[in-house]
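# Close look at the chain arrangement
Each chain, letter by letter, is given below.
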There are 2 protein chains.
Amino acid sequence: MSGQDHLAGRVICAGLGPGAPDLISLRAARAIGNARHIAFFRKKGRAGRARTIAEGLIPQGSTEHAMEYPVTTELPFGSDEYRGLLARFYDDWADRIATLARSEDVVVLCEGDPFFYGSFMHLHLRLQTRARIEVIPGITGMSGCWTATGRPVTWGDDVLTVLPGTLEQAELTRRLRDCDAAVIMKTGRNLSRIRAAVIGAGRIADAWLCIEGTMPGQRIARLGDAGDDCPYFATVILHGNGRRPLAGAAE
Amino acid sequence: MSGQDHLAGRVICAGLGPGAPDLISLRAARAIGNARHIAFFRKKGRAGRARTIAEGLIPQGSTEHAMEYPVTTELPFGSDEYRGLLARFYDDWADRIATLARSEDVVVLCEGDPFFYGSFMHLHLRLQTRARIEVIPGITGMSGCWTATGRPVTWGDDVLTVLPGTLEQAELTRRLRDCDAAVIMKTGRNLSRIRAAVIGAGRIADAWLCIEGTMPGQRIARLGDAGDDCPYFATVILHGNGRRPLAGAAE
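In this text the structure is predicted, and so the values were computed from the model without any measurement.

Analysis parameters
- Residues numbered from 1 in each chain as written.
- Chains lettered and ligands numbered in written order.
- Predicted model: local features only at pLDDT ≥ 70, side-chain atom pairs only at ≥ 80, totals over all residues.
- Heavy atoms only, no water.
- Buried < 20%, exposed > 50% of the residue type's maximum accessible area, 1.4 Å probe, protein only.
- Helix = DSSP H or I, 4+ residues; strand = E, 2+ residues; numbered from the N terminus.
- Contact = heavy atoms within 4.5 Å.
- Pairing = 2+ DSSP bridges.
- Axes fitted to C-alpha atoms, helices over the stretch in contact; angles between N-to-C directions.
- Least-squares fit on C-alpha atoms with pLDDT ≥ 70 in both.
- Domains from an automatic or database assignment.
- Buried area = accessible area lost by both parts, 1.4 Å probe.
- Salt bridge = Lys/Arg side-chain N within 4 Å of Asp/Glu carboxyl O.
- Polar contact = N/O pair within 3.5 Å; in protein donor to acceptor, adjacent residues only side chain to side chain.
- Nonpolar A, V, L, I, M, F, W, Y, C, P; charged D, E, K, R; others polar.

### Quick notes on helix α5 (residues 141–148) of chain A
For the α-helix, the turn length of 3.6 residues means that residues three or four positions removed from each other point alike. Among the 8 residues in α5(A), 6 count as buried, and that is most of the element. Every buried residue of α5(A) is listed here: A:M142, A:S143, A:G144, A:C145, A:W146 and A:T147. Packed against the buried residues of α5(A) are β6 (160–164), β7 (181–185), β8 (207–211) and β10 (234–238) of chain A together with β5 (132–136) and α5 (141–148) of chain B.

Here it is as structure tokens:
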């Protein structure tokens, strides 16, 4: 950070946790409560989930910067053109935030834990040489989900694997066979493939689906019983069974 | 929980996060601040790390229950006799807490996130049919550590594996070769074996050691440069590189 010592402001990324407003940390709550500039991503036309979680903490008179994802009906999602559009969107916001942070703090709201699959990384990549950055960790969304299931996800010497639900089915199955506990993120429209992978690994009886963990719409179901219609904020949890260390391994 | 509806009190396990007192959640802070009974594990003769993290929140006049691990110089650690001694210790405290929670709330302090390798599980196992239990998730210790390294641990479609440092070297190496990002817990006296495993996986250049993440004694070093003397609260972090989804996998 020594290269940025002359800057008066900081970019403070506040991890908001899994969704319940009172699962925000004391440090993040104070940063938000003192903020004069608050930035957050959202879809056009929506309030924004991060903004909604932090709602009760945002001070009157602060300036809000809604970073609205570019939408277009002309470009296919995932195309090079679409990626280019997104890159320019992040470039533009990084410029604006870097400019503000020369003279004052800017708080960026981030759901979950910013450095764990967080959207903040697109700004972080672009700001790390240009601004003093402070990241406040948060409770992960997956932690909100396994807590909602009412029992430990890992204990003893369990190995935990966190898998994106976008992986191919055979790859998901292979990895689910090779771990004690597992979390599958980015479930949403990948649900039927994920379920097939869990069945293939022989673990459907242990698998839980948690939708909107810690939020008002929270639902917990056995993955085997869940319908195919699954919102974006859904996570599959397989609990570990408390593996014992191998003989002699701890010596 | 319907079987426990007649009970007036709850056992509230408050996740304390990675160590910095202001990384406690608003919900956990409120539970501690309102507590009349507070229980926490500690080693005999120590203040206790959980108690120390929560120090500033514990109300005057609350009753503290220090659950001190049994120590004995006669029994080897890990022997059947020692395990039996520990089991009776947990049984005894579960009984005492269940009795208290018939009439009033008892807050149990737990470092990190209670359902993620948390010591609370020994009480949870024994209390789940006898008490109304509420678990407040916390920021994990590993999250405090990867945040301290100053860059994202996972992004894109990275696979993250969480490994106990107690695993055998060959097993650690095999698993480190098969993931994008990795966290190795329970480092402490296992450090030299863990380092050998990371070297075996060809990943020593990417590996970081974080000691006492978010706490006053926080230190970050490249694993390749770290000495063999490593305290218990140390975690090895290997960052992912933002894996792209396989072609067609997201469809």
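### Things to note about the side chain of B:R51
Residue and element names in this part refer to chain B. Within the secondary structure layout, R51 lies in helix α2 (residues 49–54). According to the relative accessible area criterion, R51 is buried, its value standing at 15%. For R51, the residues in contact, after removing those within four places along its chain, are F40, I58, E64 and L109.

### Brief notes about the sheet that holds strand β3 (residues 63–68) of chain B
Residues and elements named next belong to chain B. Ordered by their spatial adjacency, 5 strands build an open sheet running β3-β2-β4-β1-β5, and the pairing between neighbours is parallel. Looking at the sheet topology across the chains shown, the edges are occupied by β3 and β5. The mean inter-strand angle of the sheet, taken between neighbouring strand axes irrespective of direction, is 20°. This element, helix α1 (residues 26–33), spans β1 (10–15), β2 (37–42), β4 (106–110) and β5 of the sheet and lies at about 130° to β1. With respect to the sheet, helix α3 (residues 80–100) is in contact with β1, β2, β3 and β4, its orientation differing from that of β3 by roughly 165°.

### Details of the relation of the copies chain B and chain A
In the superposition of chain B on chain A (RMSD 0.0 Å, axial shift 0.0 Å), the rotation amounts to 180°. Taken together, the rotation and translation relating the two chain copies correspond to the operation of a two-fold axis. In this assembly the copies share their binding face: 100% of the residues contributing to the interface of chain B also contribute to that of chain A.

### Structural notes on the domain arrangement of chain A
One frequently used descriptor of interface size is the decrease in accessible area upon assembly of the parts. Residue and element names in this part refer to chain A. Its domain assignment divides chain A into domain 1 (2–139) and domain 2 (142–238). One C-alpha centre belongs to domain 1, the other to domain 2; they are set 28 Å apart. Counting each side, the surface lost to burial between domain 1 and domain 2 is near 820 Å², with a carbon and sulfur contribution of 66%. When the buried surface of domain 1 facing domain 2 is broken down by residue, R49, F116 and Y117 rank first, second and third, together holding 57% of it. Between R49 and E212 there is a salt bridge; the shortest N-O distance is 3.4 Å.

### Here we look at the interface of chain B and chain A
Contact residues are listed per partner, giving 61 residues for chain B and 61 residues for chain A. For the pair chain B and chain A, the summed buried area comes to about 5300 Å², and 55% of that belongs to carbon and sulfur atoms. Among the residues chain B hides against chain A, the three largest losses belong to B:D22, B:L26 and B:F115. Together they make up 12% of the total. On inspection of chain B and its partner chain A, the count reaches 10 salt bridges. Between A:R30 and B:D22 there is a salt bridge, with the nearest N and O atoms lying 3.4 Å from each other. On inspection of chain B and its partner chain A, the count reaches 30 residue pairs in polar contact (both at pLDDT 80 or more). Only α1, α4 (121–127), β5, α5, β6 (160–164) and α6 (169–177) of chain B provide two or more residues apiece to the side of chain B that touches chain A. Considering only residue class, the side of chain B that touches chain A consists of 31 nonpolar, 11 polar and 19 charged.

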